Amino acid sequence: MANEHIPGLMVGIATKDSIVFTGGFGYSDIRTKQPVTADNLFRLGSVTKMFVSLAILQLMDEHKISLNDRLKAIAPEIPFTNEWEANNPVRIVNLLEHTSGFDDLKLNAFYNVTSQDLKGLETVIASKKSLVCRWKPGERCSYCNPNYVILAYLVEKISGIPYDQYIAKNILQPLNMTATNFNLRITDKNREVKEYIYKNWQYEQIPVIPAMAGGDGGLKSSANDMIKFVRLFLNNGKPLFKAGLIDEMETPHSSLAVNAGLKTGYALANETFAGYNKYLFRGHKGIAGSCYTTLMYNRALGCGFIIASNGNNDMEAVSKLIISFLEQNKPARIPTGLPLNKTAIAPYLGFYQFESPRMKLSAFSDRLKVGFHTFIKNDTLYLKELSGNVDTLIETGPLQFAKKGMNATQYAFLNNRGKNVMLAERHYFYFEQTNYTWAIIKRGIILVAVLFALSSLFFGVQSLISFAMGKVLKRHLLIRIVPMLAMILLLCGLLQINQVQKYSYLLYQMNTINERTLIIFLGTLLFGVLSVFNMVLVIKNIHLVKSWWLRYYLVITACSLLLIAFIFFQAGWIGLRPWV
């Protein structure tokens, strides 16, 4: 735990017949040295979605709702936009499987900094800016918290009672999960863990800020309670649900991966994890504040576990350690490899561009960073990432593949409306085939622009030193230092955004105008303004520069800044106001 920087950890391990272990390690409160126990309450984040999904499935079993019901017909009061609604409406199944096409929560919609919790339709309205379909519903899987905010509201509307009361009555109480609750604020100081981040080689306690809504991630629970929930899946829903309901929850219905014949991926708040040793585990992960949670199980193996930390660590190492323990002395279940059908895969060779970003705001950077090149060498199909990492793909079915050594299919190729598409990894992210040469050239141009833009920092400092020494005239100074000033402002803004990405609990600061959000706004805005101003300066004053290499440098740097500013402007980052 010290190596992983985990201050406190709850653990529950079970088989279908018994509880193997429930308990804790480390501290729930570092200052008072209170140890984590099996009764401490952790915020479980998106594991909450599994409970909301089960509530919807229970209402389906009572014939009060169905997977194919149209959202607009069931809840016309929900404000969403879908330009394909006539032929491709948003359906309940799209919400459950994150195939609605909606954007994820805006930066200011994760946490609630007011003193009042939102209720009912208010929770949906708070995320209405995200409720715009970016592609046809059912076409791409892209994780989206507002989907489950809507589903929780539908549970309330259909059942006639708040979703948390419905889940408590129909799931928590029958399972005797007496401590589990949906209280968004601290209500039990003795049992709720303190939350920490590891920063500057020490743990720092952070404020516990309530979520904006609860249906997507508001659950609190303990190891003693959650192990009962794990065993519910190991026992195929017994004693609460009819046979087949858990099978339904584990089965994807609405994505292109289903059309490709795949049976893994994100189903009804129940996803597969293919990268773990011998068996394919299912379940869900979550994060709220600095609490990370992982729930995984395998019904064939007959065991599962729940872990949660209070220290901003995703606990991959802990998950792998537990799974290795559960799989010991078990034979590996690796898919049977088939001979590569080179004729079938031939049209799908080439470069694939990422086209299912989780957030519209980060789409441009996701597209630049994520991409794959497929090629055949010595009768073997390879997948090369932009980072240079190369994996061998083993054919497991028609145009279906798994990485060598993995325990399930992870990739599929198909044609979607005339475009060759690759679906990749456990969520089956959507990639479209594009021209490899142009993709590399485009990234090369952007890389060169970034390098020249960054070089302006050093050139600007050198110019100021030369000016102080009398080697640069005052009238020549401005054209030399404006690029540096533009980059300093941009980097200040990006540094603040990076801090929020690294420590996601800081998203609560995005709700208001404060030092951090003002730096983001002014840094990105003034970068754009100075990039344009710098180009004007260069055009008007380049003739004053006598050195040919300096003229070229200043022109290329000006063009680089303008290109970066244009990309940022298209992505909505120039003058970014997180609080809006």
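Residues numbered from 1 in each chain as written. Predicted model: local features only at pLDDT ≥ 70, side-chain atom pairs only at ≥ 80, totals over all residues. Heavy atoms only, no water.

J.: Give a description of the overall build of the protein chain that names residues and reports values.
T.: A tally of helices and strands in the protein chain yields 16 helices and 19 strands. Projected onto its principal axes, the C-alpha coordinates of the protein chain cover approximately 85 × 65 × 50 Å. Counting across all 580 residues of the protein chain, residues that qualify as buried make up 55%. Contacts spanning at least 24 positions in sequence make up 67% of the contacts within the protein chain whose residues lie at least 6 apart. Of the roughly 25400 Å² that the protein chain leaves accessible, carbon and sulfur atoms contribute 57%. One finds the centroid of the 60 positive side-chain charges in the protein chain at a distance of 9 Å from the centroid of its 40 negative side-chain charges. (Helix = DSSP H or I, 4+ residues; strand = E, 2+ residues; numbered from the N terminus. Buried < 20%, exposed > 50% of the residue type's maximum accessible area, 1.4 Å probe, protein only. Contact = heavy atoms within 4.5 Å. Areas by Shrake-Rupley, 256 points an atom, 1.4 Å probe, with all protein chains shown as cover. Lys, Arg positive; Asp, Glu negative; His and termini not counted. Charge placed at Lys NZ, Arg CZ, Asp CG, Glu CD.)

J.: Can you lay out the side chain of Asn416 for me, pointing to particular residues and giving the numbers?
T.: With respect to the helices and strands, Asn416 occurs in strand β17 (residues 411-416). Residues within four places of Asn416 in sequence aside, it is in contact with Glu139, Leu256, Val421 and Tyr430.

J.: Describe the side chain of Glu432, naming the residues involved and giving the relevant values.
T.: By secondary structure assignment, the location of Glu432 is in strand β19 (residues 429-434). Glu432 sits in the buried class, given a relative accessible area of 12%. Apart from residues no more than four positions distant in its own chain, Glu432 is found in contact with Arg140, Phe351, Tyr352, Gln353, Glu355, Lys419, Asn420 and Val421.

J.: With reference to specific residues and values, describe the pairing of strand β14 (residues 380-385).
T.: Side-chain direction in a regular strand flips from residue to residue, so the side chains alternate between the two faces of the sheet. Judged from the six bridges that link them, strand β13 (residues 371-377) and β14 form a sheet pairing that is antiparallel. Within β14, the residue paired with Phe372 across the bridge is Glu385. Taken together, β13 and the strand that follows it, β14, pair antiparallel across an intervening segment of two residues, in which Asn378 is found at a positive phi of about 55 degrees. Bridge count for β14 against strand β15 (residues 390-397) is four bridges, and the pairing is antiparallel. Residue pairing across strands places Leu383 opposite Asp391, the latter belonging to β15. Linking β14 back to β15 in an antiparallel pair, the connection comprises four residues, with Gly388 at a positive phi of about 105 degrees. (Pairing = 2+ DSSP bridges.)

J.: Give me the lowdown on the sheet that holds strand β1 (residues 8-15), citing residues and values where you can.
T.: Across a sheet, strands are paired by hydrogen bonds formed along the backbone, either parallel or antiparallel in direction. Strand order in the open sheet formed by seven strands is β3-β2-β1-β11-β10-β9-β8, and the pairing between neighbours is antiparallel. The two strands at the open ends of the sheet, each matched to only one other strand, are β3 (34-35) and β8 (271-273). Relative to strand β11 (residues 303-309), strand β10 (residues 291-298) is paired through seven bridges, and the arrangement is antiparallel. For Met296, the partnering residue across the bridge sits in β11 and is Phe305. Lying over the sheet, helix α7 (residues 223-234) contacts β1, β2 (19-29), β10 and β11, oriented at roughly 35 degrees with respect to β1. (Axes fitted to C-alpha atoms, helices over the stretch in contact; angles between N-to-C directions.)

J.: Quick rundown of the nonpolar core? Include the residues and the values.
T.: Proteins that are soluble and globular tend to have nonpolar side chains buried together. Leu54, Leu154, Met226 and Phe229 are the most contacted members of the largest nonpolar core, which totals 75 residues. Counting residues per element, this core draws most heavily on helix α1 (residues 48-61), at nine residues. Contact partners of Met226, with chain neighbours within four places excluded, come to Met10, Leu44, Val47, Phe51, Met177, Leu219, Ser221, Leu295 and Ile306. (Core = buried A, V, L, I, M, F, W, Y, C linked by side-chain atoms within 4.5 Å.)

J.: If you had to explain the sheet that holds β14 to someone new, which residues and values would you point to?
T.: With antiparallel pairing, the eight strands of this closed barrel are ordered in space as β12-β13-β14-β15-β16-β17-β18-β19. The mean angle between the axes of side-by-side strands here comes to 35 degrees, regardless of whether they run parallel or antiparallel. The pairing of β15 with strand β16 (residues 400-403) spans four bridges and is classified as antiparallel. The residue bridging Glu395 from the neighbouring strand is Phe401, located in β16. Helix α13 (residues 436-468) rests against β12 (350-354), β13 and β19 of the sheet, and its axis sits at about 55 degrees to β12.

J.: So, the pattern of salt bridges: which residues are in play, and what are the values?
T.: For the structure shown, the criterion picks out 23 salt bridges. Across the pair Lys228 and Asp225 runs a salt bridge whose closest N-O atoms are separated by 4.0 Å. You can see Lys228 and its partner Asp225 sitting in helix α7, three residues apart, about one turn around the helix. Between Lys285 and Glu316 there is a salt bridge whose closest N-O contact spans 2.4 Å. (Salt bridge = Lys/Arg side-chain N within 4 Å of Asp/Glu carboxyl O.)

J.: Can you break down a nonpolar patch on the surface residue by residue, with the values?
T.: On the surface, Met1, Val20, Phe21, Phe25 and Phe325 cluster together into a nonpolar patch covering about 440 Å² of accessible area. Residue contributions to the nonpolar patch peak at three residues, all from β2. Along the chain, Phe325 turns up in helix α10 (residues 316-327). Under the relative-accessibility criterion, Phe325 is labelled partly exposed at 43%. (Patch = residues over 30% accessible without salt bridge, like charges linked within 9 Å, V, L, I, M, F, W, Y side chains within 5 Å.)

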